[in-house]
Amino acid sequence: MDDGLRWFEAAREVRQRVLEDERGDTYCFGFAHYLDTAAGAYENITLPVVAAFEAMKGAYEVARRERSVDVDVYFECAAQACSRLGDARRDRVHQLEKGRAARQAAAR
């Protein structure tokens, strides 16, 4: 979940950079290039990284083309969901470890 949060936060930042480039008089390298750099995808090219990269690009394109969708809200909600899921997962892992330690102590 932490990786998901990282990707959605990077996508939000990149979206803002693309908007700034479009409003300004500067060259825009585009969402995919900026995302690759912001998420560090180019440093660790694995199947999960490529899948996350392509999913972010696809989500951006779908949300950008749909007038009723606010791309920033979409990425923010997804980042919040990843954060909550990550917290829940960490809590569950902690509970499992605590239970394992208690069982080991009881077995001695």
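Residues numbered from 1 in each chain as written. Predicted model: local features only at pLDDT ≥ 70, side-chain atom pairs only at ≥ 80, totals over all residues. Heavy atoms only, no water.

Topic: the overall build of the protein chain
Note the cut-off: Secondary structure elements are defined from DSSP: runs of H or I of at least 4 residues count as helices, runs of E of at least 2 residues count as strands, and each element is numbered from the N terminus. Radius of gyration: over C-alpha atoms. The globule rule applied is 2.2 Å multiplied by the number of residues raised to the 0.38 power. Relative accessibility decides the category of a residue: with a 1.4 Å probe and only protein chains considered, values under 20% of the type maximum give buried, values over 50% give exposed, and everything between is partly exposed. Pairs of residues are marked as contacts when any of their non-hydrogen atoms sit within 4.5 Å. Each accessible area is a Shrake-Rupley result for a 1.4 Å probe, and residues are judged covered by the shown protein chains and nothing else. Charged residues are defined here as Lys and Arg on the positive side and Asp and Glu on the negative side; His and the ends of the chain fall outside this count. Just so you know, the charge point we use is NZ for Lys, CZ for Arg, CG for Asp and CD for Glu.
Along its length, the protein chain carries four helices and zero strands. If you list the helices and strands of the protein chain from N to C, you get α-α-α-α. Here the C-alpha radius of gyration of the protein chain, 19 Å, is well above what a compact globule of 108 residues would show, namely 13 Å. Taking all 108 residues of the protein chain together, 28% fall into the buried category. Pairs at least 24 apart in sequence give 57% of the contacts found in the protein chain among residues at least 6 apart. Counting only carbon and sulfur atoms, one obtains 53% of the accessible surface of the protein chain, whose full area is about 7700 Å². For the protein chain, the separation between the mean place of its 17 positive charges and that of its 19 negative charges on side chains is 9 Å.

A closer look at the side chain of Asp 21
This is how the line gets drawn: One speaks of a salt bridge when a side-chain nitrogen belonging to Lys or Arg is within 4 Å of a carboxyl oxygen belonging to Asp or Glu.
With respect to the helices and strands, the residue Asp 21 is situated in helix α1 (residues 2–23). Buried and unpaired, Asp 21 has no salt bridge, with Arg 17 as the nearest side chain of opposite charge at 4.5 Å. Leaving out residues up to four positions away in the same chain, Asp 21 has contacts with Thr 26, Tyr 27, Cys 28, Phe 29 and Tyr 34.

Looking at helix α3 (residues 47–65)
Cut-off, in case you're wondering: For a helix, the expected span equals 1.5 Å multiplied by the residue count minus one. Note that the arc is defined by the directions from the helix axis to the C-beta atoms.
With 19 residues, α3 should reach 27 Å at 1.5 Å per residue; the first-to-last C-alpha distance of 27 Å fits that figure. Along α3, the positions that sit buried rather than exposed are Val 49, Ala 52, Phe 53, Met 56, Ala 59, Tyr 60 and Ala 63. Take α3 and look down its axis: the buried residues cluster within an arc of 130°, on one side only. More than 90 degrees from the buried face of α3, the exposed residues found are Leu 47, Val 62 and Arg 65.

Focus: the side chain of Arg 15
Considering the arrangement of structural elements, one finds Arg 15 in helix α1. For Arg 15, a relative accessible area of 14% translates into the label buried. Beyond its immediate chain neighbours, meaning those up to four positions away, Arg 15 contacts Phe 31, Tyr 60, Val 71 and Asp 72.

Things to note about the packing of aromatic side chains
Aromatic ring pairs are defined here through the distance separating the ring centres and the angle between the ring planes. Where we set the bar: Only centres within 6.5 Å qualify two rings of Phe, Tyr or Trp (six-membered ring in Trp) as a pair; their planes then separate them into stacked at under 30 degrees, edge-to-face at over 60, and tilted for everything else.
If you walk through the whole model with that rule in mind, you get four aromatic pairs. Between Phe 31 and Tyr 60 the ring centres are 3.8 Å apart and the planes differ by 0°, which places this aromatic pair in the stacked class. Of the two residues, Phe 31 sits in helix α2 (residues 31–39) while Tyr 60 sits in helix α3, which places them 29 residues apart along the sequence.

Things to note about the pattern of salt bridges
A full pass over the atoms with the stated rule returns two salt bridges. Between Lys 57 and Glu 54 there is a salt bridge; the shortest N-O distance is 3.2 Å. In this pair, Lys 57 and Glu 54 are both assigned in helix α3, three residues apart and thus about one turn of the helix distant. Here Glu 61 makes a salt bridge to Arg 65, at a shortest N to O gap of 2.9 Å. Residue Glu 61 and its partner Arg 65 are located together in helix α3, separated by four residues, close to a single helical turn.

A short note on the environment of Cys 28
For Cys 28, the location among the structural elements is in the loop between α1 and α2. Taking relative accessible area as the criterion, Cys 28 reaches 23% and is therefore assigned partly exposed. In sequence terms Cys 28 and Val 18 are 10 residues apart; their C-alpha atoms lie 6.5 Å from each other.

Examining the confidence of the model for the protein chain
Where we set the bar: Confidence of the predictor in every single residue is expressed as pLDDT, which spans 0 to 100.
Here the protein chain averages 80 in pLDDT, and 91% of its residues register 70 or above. Taken element by element, the protein chain is modelled with least confidence in helix α4 (residues 71–107), mean pLDDT 74, and with most confidence in α2, mean pLDDT 89.

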